[in-house]
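Each chain, letter by letter, is given below.
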Amino acid sequence: MIFGEIPVGEAVGARLAHGVRAEGLSLHKGRVLTEEDRAALVAAGVATVVAVRLEAGDVGEDEAAALIAAAITPDHLAFTPPVTGRINVHARESGLFVADRAAIDRFNRVDPAITIATLPDHAGVTAGDMVATIKIIPLAVPAALARAAAAVLASSRALEVKPFTAHRVGLVATVLPTLKVSVMDKTRRLLEQRLSASGSRLAGEMRVPHRADAVADAVRRSAEENDLVVVFGASAVTDTNDVIPAAIRAAGGVVEHVGMPVDPGNLLVLGRIGTVRVLGAPGCARSPKENGFDWVLARIFAGERPGAREITGMGVGGLLAEIPGRPQPRDMRMPERALSVAVLVLAAGRASRMQGSHKLLAAFDGKALVRRSTEAALAARPARVLVVTGHRAGEVEAELAGLGLEVVRNPDHAQGMSTSLRAGISALGPGCDGVMVMLADMPHVTAADMRRLLDAFVAAGGHAIVRAVSGGKRGNPVVLPRSTFPAVLQLEGDVGARHIVESAGLDVVDVEIGDAAHIDVDTPEAVVAAGGVLRG
């Protein structure tokens with residue numbers, strides 16, 4: 001392939017290496033120039049173009065990509081048509097994506113012009129997910145190189161998706177006085193959710209005392225009826241002769257491995273009774289967060305038979321996100337500086353249901369509600385307090401005189417709460433680790449309530465969402481870590497941060513503050529019922 005600047009008069013048959021835009025003319029990169037293109041370029045005053053000419057034995061980027069894709073065994077994989085030298089590879093079924101790293105490395109070392117990128121080995125995928133992309137970087141490559149790269153893929157199972165198969169699963173859970181029934185019920189529900197991705201189902205649960213003999217009997221009976229048995233112990237496994245491994249042996253089974261180099265997930269037990277696998281789940285599997293239990297479960301559902309060798313090979317990449325709520329989380333190095341957490345008081349709303357009155361100017365114990373809420377925020381001792389104003393901003397700000405806080409005017413407040421959130425977050429600057437979003441119309445949230453939320457955020461290392469609840473039902477205020485700020489800045493309309501809380505993939509720490517978490521005042525009747533006096 002010859003690359004360079006070519007006079008337009010000699011460019012017919014060449015492929016553009018860079019697009020050309022001139023005088024209403026738009027020719028894209030990769031276009032093979034025709035006589036009509038040459039004439040249009042001349043008319044537009046273009047003298048030269050940067051282009052390539054194929055030499056003997058060269059093939060274009062799309063042809064090379066197609067030649068390589070054809071060498072991949074297509075079982076459970078789908079391929080997009082080649083475009084600009086790229087073919088994307090997708091899973092046709094839900095399962096486990098498996099990559100042969102050695103083969104992928106050999107492929108990528110054939111020539112820098114020919115590449116393939118994949119998901120991590122043994123990544124779980126759903127039907128339609130992209131698992132790999134083949135990309136030819138220049139506009140053409142020697143056909144011999146493309147054939148050499150294709151031969152690497154043809155000689156190995158470099159890429160494959162192993163479809164999940166449905167399993168019938170039995171659950172054995174042990175009981176101790178210290179373990180709440182509600183926790184066991186939640187554990188069962190989470191296991192059912194984990195099984196659903198593979199089409200597997202939980203066939204039944206047995207709850208037995210935390211003794212090896214009781215567990216052995218339950219495991220033996222469950223193995224007779226199921227394809228897989230999962231054991232959740234009320235107490236963590238600390239030895240190869242602890243209750244769960246001892247029970248597997250007592251049931252006539254074999255303990256293949258205890259422990260794994262994945263955290264969270266260290267305390268997993270892998271055994272079998274005949275051909276039926278028995279998994280002693282680590283305590284972290286009571287959380288929906290990814291852990292080592294998920295990795296082993298996925299391999300079993302994909303038809304693999306993981307043993308000690310496979311488990312001991314999981315250490316690289318095995319340091320997963322911490323689960324702050326687990327009983328003994330790994331030590332987290334404290335930041336070199338104290339976390340800086342602000343309180344953002346939202347006081348810009350139009351109060352459209354107040355029949356002309358302004359709820360934030362209503363008197364509670366002789367003070368305007370907005371001042372009462374803001375003083376509570378200041379008394380909670382955050383790093384900063386910012387108040388976002390908008391509707392009747394002058395009157396609201398007058399009530400805040402002398403408090404020494406930061407006021408952020410939101411000129412777009414009529415477009416909804418998202419604009420106030422964006423305005424407040426934008427004003428925080430780079431040094432803020434988190435922000436408590438406080439609604440100014442919640443008269444009974446106290447400084448002590450807010451301090452408890454702030455302390456919980458610090459205890460979680462500044463990485464979790466902290467939410468006020470009443471009787472377990474979500475409410476306000478909410479503390480958001482800095483990692484959520486970009487999502488907040490994308491909000492539009494009259495919406496708050498609830499979607500971000502539910503979709504961020506972060507741990508959510510609930511702090512019970514009682515009825516105050518749910519009491520806001522959106523109507524004149526609500527103001528009076530909460531103990532306020534309307535003033536206009």
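In what follows, the accompanying structure is described.

Cut-offs and rules
- Residues numbered from 1 in each chain as written.
- Predicted model: local features only at pLDDT ≥ 70, side-chain atom pairs only at ≥ 80, totals over all residues.
- Heavy atoms only, no water.
- Salt bridge = Lys/Arg side-chain N within 4 Å of Asp/Glu carboxyl O.
- Helix = DSSP H or I, 4+ residues; strand = E, 2+ residues; numbered from the N terminus.
- Buried < 20%, exposed > 50% of the residue type's maximum accessible area, 1.4 Å probe, protein only.
- Axes fitted to C-alpha atoms, helices over the stretch in contact; angles between N-to-C directions.
- Parallel < 35°, antiparallel > 145°, perpendicular 65-115°, else oblique.
- Left-handed = near helix turned anticlockwise from the far one by under 90°.
- Contact = heavy atoms within 4.5 Å.
- Nonpolar A, V, L, I, M, F, W, Y, C, P; charged D, E, K, R; others polar.
- Pairing = 2+ DSSP bridges.
- Lys, Arg positive; Asp, Glu negative; His and termini not counted.
- Polar contact = N/O pair within 3.5 Å; in protein donor to acceptor, adjacent residues only side chain to side chain.

**Regarding the pattern of salt bridges**
So, point 1. As enumerated under the stated definition, the model contains 27 salt bridges in all.
So, point 2. For D294, the salt bridge identified is with R194, shortest N-O distance 2.4 Å. You can see D294 sitting in helix 8 (residues 292–301) and its partner R194 sitting in helix 5 (residues 181–196), a full 100 residues away along the chain. Across this residue pair, the class does not change: D294 and R194 are buried.
So, point 3. Residue D365 is joined to R372 by a salt bridge in which the shortest nitrogen-to-oxygen separation is 2.9 Å.
So, point 4. Given a relative accessible area of 69%, D365 falls into the exposed group.
So, point 5. Three or more residues joined by partner-sharing salt bridges are found here, namely D185, R188, E192, E205 and R207.

**Some points on the packing of helix 2 (residues 61–69) against helix 4 (residues 143–154)**
So, point 1. Running from amino to carboxyl end, helix 2 crosses helix 4 at an angle of 25 degrees, the nearest separation of the two axes being 8 Å. One element, helix 2, and the other, helix 4, form an angle in the roughly parallel class. The two elements helix 2 and helix 4 cross, and the hand of that crossing is right-handed. Taken together, the residues of helix 4 that come into contact with helix 2 (itself represented by A64, L67 and I68) are A146, R147, A149, A150 and L153.
So, point 2. Residues belonging to the contact of helix 2 with helix 4 are distributed by class as follows: seven nonpolar, no polar and one charged.

**Some thoughts on the sheet that holds strand 1 (residues 2–7)**
The strands making up a sheet associate through backbone hydrogen bonding, with each pair oriented either parallel or antiparallel.
So, point 1. Reading across the sheet, the three strands line up as 1-5-2 and stay open at both edges, with antiparallel pairing between neighbours. On the outer flanks of this sheet lie strand 1 and strand 2 (15–16), each paired with one strand and no other.
So, point 2. Where strand 2 and strand 5 (residues 48–53) come together, two bridges link them in antiparallel fashion. Bridge assignment links L16 to a residue of strand 5, and that residue is A51.

**Some details on the side chain of D242**
So, point 1. Checked against the element boundaries, D242 lands in the loop between strand 17 (228–232) and helix 7 (243–250).
So, point 2. Here D242 is buried and forms no salt bridge, its nearest opposite-charge partner R249 lying at an N-O distance of 9.7 Å.
So, point 3. Within polar-contact distance, the side chain of D242 engages the backbone nitrogen of T238 at 2.9 Å.
So, point 4. Those residues in contact with D242 that sit more than four places away from it in its chain are A236 and V237.

**Regarding the side chain of S200**
So, point 1. Turning to its location among the elements, S200 is positioned in the loop between helix 5 and strand 16 (201–209).
So, point 2. When neighbours within four sequence positions are excluded, S200 is seen to be in contact with T165, A166, H167, V169, L195 and F301.

**Some points on the packing of helix 3 (residues 101–108) against helix 4**
So, point 1. Interaxial distance between helix 3 and helix 4 falls to 9 Å at its minimum, and their mutual angle equals 175 degrees. In this view, helix 3 runs roughly antiparallel relative to helix 4, as classed from their interaxial angle. Facing A103, R106 and F107 of helix 3, the residues of helix 4 in contact are A149, V152 and L153.
So, point 2. The residue makeup of the contact of helix 3 with helix 4, split by class, is five nonpolar, no polar and one charged.

**A few points about the sheet that holds strand 14 (residues 159–163)**
So, point 1. Read from one edge of the open sheet, three strands run 11-9-14, paired in antiparallel fashion. Bordering the open sheet on either side are strand 11 (123–125) and strand 14, each of which pairs with just one other strand. Sheet twist, expressed as the average angle between the axes of neighbouring strands with direction ignored, equals 35 degrees.
So, point 2. Across three bridges, strand 9 (residues 95–99) lies against strand 11 in antiparallel orientation. Residue pairing across strands places G95 opposite V125, the latter belonging to strand 11.

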